[in-house]
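So you can see what is in the structure, the chains are spelled out below.
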Amino acid sequence: MTKFMNYFIFLSVLAIVPLCFASKNYGGYLYPQYYEHSCPHVQDIVKSVVSKAVSREPRMAASLLRLHFHDCFVKGCDASLLLDNGMGIVSEKGSNPNKNSARGFEVIDEIKAEIERACPCTVSCADILAIAARDSTVITGGPSWEVPLGRRDSVGASISGSNNEIPAPNNTFQTILTKFKRQGLDLVDLVALSGAHTIGDARCTTFKQRLYNQNGNGKPDPTLNQAFASQLRQQCPRSGGDQNLFFLDHTTPFSFDNVYYKNILAYDGLLNSDQVLLTKNYASMQLVKQYAENNGLFFDHFAKSMVKMGNLFPLTGEKGEIRKNCRRVNSY
């Protein structure tokens, strides 16, 4: 009788414990109302945490937006970037584009913890990244859009993919465009999504060569406004200062607007990857001019490109899992 009662209690516990390890068929496509019944307050929770985080540190909006970019460009939007080292996983956080650069992981942890309390084992970390990116844009004055949801989380990471697929600040225009095209994104997406650099910072090391040795000839980049370059050299010396931070948009650094494109037209683009949008391709140059003149057009294209990027190779149905902790797989 005792054995029977113990077995009955065991079954009862299983019935109420969240089955994070269970495989469920959620369907094979993304849509904004995905959590309408299973976690109706998910977007309110994300917005609340992101708002507080950005209020504490305005730079955080750009950091959260960047996490979504760097996640989606590696194996699709699957939260692989959030995984720490362990259980055979080599974290993407240690890749060249992310080391000493990617940040905001604690904010994602806070969001995930609150959502787990409200809706255990229901909302993926990948979807949290997508919503947080949208909210970070809106909070800083940018456009809003409906975020398609229903992604699941990967059970692995790819540091090689992170090193090779994410566009680098010093890549040529053609290399950057090729990396976008490999993801199914086009030139309009490239120019529009680059507009995320209207907020945030970059380290001295990401643009130092433009100040001193752009073409290996010991001379500065001729496409960089030399008055602007002179200002940059004060805090980005030839030797040292690599981790010093500079606004990507030195005019309105905390406002999501089209001033980024106006800066490019004035040859005040901070990164090589910014300025080449004007100097290396006629079609991209025309888009830079259009966005600089029409903030509404930029907002419209940016929102559409964010949805497009957020749909890159999502795990759905029975693929992947819903991680209980965004930093590790459930079997950890």
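Residues numbered from 1 in each chain as written. Predicted model: local features only at pLDDT ≥ 70, side-chain atom pairs only at ≥ 80, totals over all residues. Heavy atoms only, no water.

The chain is annotated in an unreviewed UniProt entry as Peroxidase from Saponaria officinalis. The record held by UniProt for the chain lists under Function (unreviewed entry) the comment "Removal of H(2)O(2), oxidation of toxic reductants, biosynthesis and degradation of lignin, suberization, auxin catabolism, response to environmental stresses such as wounding, pathogen attack and oxidative stress." (UniProt positions renumbered as here; feature names shortened; annotations may be inferred.)

K.L.:
Would you explain the packing of aromatic side chains in this entry?
P.N.:
Two descriptors summarise a pair of aromatic rings, namely the distance from one centre to the other and the angle between the planes of the rings. In the structure shown here, the tally under the stated rule is 16 aromatic pairs. Aromatic side chains Tyr-29 and Tyr-31 sit 5.4 Å apart centroid to centroid with 40 degrees between the ring planes, which places their arrangement in the tilted category. Using a relative accessible area of 56% as the deciding quantity, one classes Tyr-29 as exposed. Taking 5.8 Å as the distance between ring centres and 45 degrees as the angle between the ring planes, the aromatic pair formed by Tyr-291 and Phe-298 counts as tilted. When sorted by exposure, Tyr-291 lands in the same class as Phe-298, which is buried. Taken together, the ring pairs in this structure connect Trp-145, Phe-256, Tyr-260, Tyr-261, Tyr-291, Phe-298, Phe-299 and Phe-302 into an aromatic cluster. Directly above the ring of Phe-105 sits Lys-93, whose terminal nitrogen or CZ lies 4.2 Å from the centroid. (Phe/Tyr/Trp six-rings, centres within 6.5 Å; stacked < 30°, edge-to-face > 60°. Buried < 20%, exposed > 50% of the residue type's maximum accessible area, 1.4 Å probe, protein only. Lys NZ or Arg CZ within 6 Å of the ring centre and 35° of its normal.)

K.L.:
Quick question: what am I supposed to make of the UniProt feature "domain: Plant heme peroxidase family profile" (unreviewed entry) in the chain here?
P.N.:
The positions UniProt marks with the feature "domain: Plant heme peroxidase family profile" (unreviewed entry) are residues 29-330. Helix makes up 46% of residues 29-330 and strand 2%, with an end-to-end C-alpha separation of 23 Å. (Helix = DSSP H or I, 4+ residues; strand = E, 2+ residues; numbered from the N terminus.)

K.L.:
How should the nonpolar core be read in this particular structure?
P.N.:
For soluble globular proteins, nonpolar side chains are generally found buried alongside one another. Formed by 76 residues in total, the largest nonpolar core has its most connected members in Leu-65, Ile-108, Ile-111, Ile-115, Phe-302, Met-306 and Met-309. In this structure, Met-309 is in contact with His-68, Phe-69, Cys-72, Phe-73, Cys-77, Leu-185 and Leu-193, ignoring residues within four places of it in sequence. Judged by nonpolar contacts, the second largest core, of 14 residues, contains Phe-207, Leu-211, Leu-224 and Cys-236. (Core = buried A, V, L, I, M, F, W, Y, C linked by side-chain atoms within 4.5 Å. Contact = heavy atoms within 4.5 Å.)

K.L.:
Would you mind going over the state of the cysteines with me for this structure?
P.N.:
With the rule as written, the count across this model stands at four disulfides. The disulfide bridge from Cys-39 ends at Cys-119, spanning 2.1 Å between sulfur atoms. Taking the sign of the S-S torsion, 80 degrees for the link of Cys-39 and Cys-119, the bridge is right-handed. Here the residue Cys-39 occupies a position in the loop between helix H1 (2-16) and helix H2 (42-56), and Cys-119 occupies one in the loop between helix H4 (105-118) and helix H5 (125-139), the gap between them amounting to 80 residues. (Disulfide = S-S within 2.5 Å.)

K.L.:
Would you take a moment to explain the packing of helix H8 (residues 187-194) against helix H13 (residues 282-293) for this structure?
P.N.:
Between two packed helices, what matters for the description is the angle formed by their axes and the separation of those axes. Relative to each other, H8 and H13 sit at 40 degrees, their axes nearing to 10 Å. Regarding the angle of H8 to H13, the classification is oblique. H8 and H13 meet at a crossing whose hand is right-handed. Here Leu-187, Val-188, Val-191 and Ala-192 of H8 come into contact with H13, specifically with Ala-283, Ser-284, Leu-287, Val-288 and Tyr-291. Considering only residue class, the contact of H8 with H13 consists of eight nonpolar, one polar and no charged. (Axes fitted to C-alpha atoms, helices over the stretch in contact; angles between N-to-C directions. Parallel < 35°, antiparallel > 145°, perpendicular 65-115°, else oblique. Left-handed = near helix turned anticlockwise from the far one by under 90°. Nonpolar A, V, L, I, M, F, W, Y, C, P; charged D, E, K, R; others polar.)

K.L.:
Quick question: what am I supposed to make of the packing of helix H3 (residues 60-72) against helix H14 (residues 295-310) here?
P.N.:
In contact at an axis separation of 10 Å, H3 and H14 are set at 45 degrees when each is read in the N-to-C sense. One finds that H3 runs oblique with respect to H14. Each of Leu-65, His-68, Phe-69 and Cys-72 in H3 lies in contact with H14, whose residues at this interface are Phe-302, Met-306, Met-309 and Gly-310. For the contact of H3 with H14, the class distribution of residues is six nonpolar, two polar and no charged.

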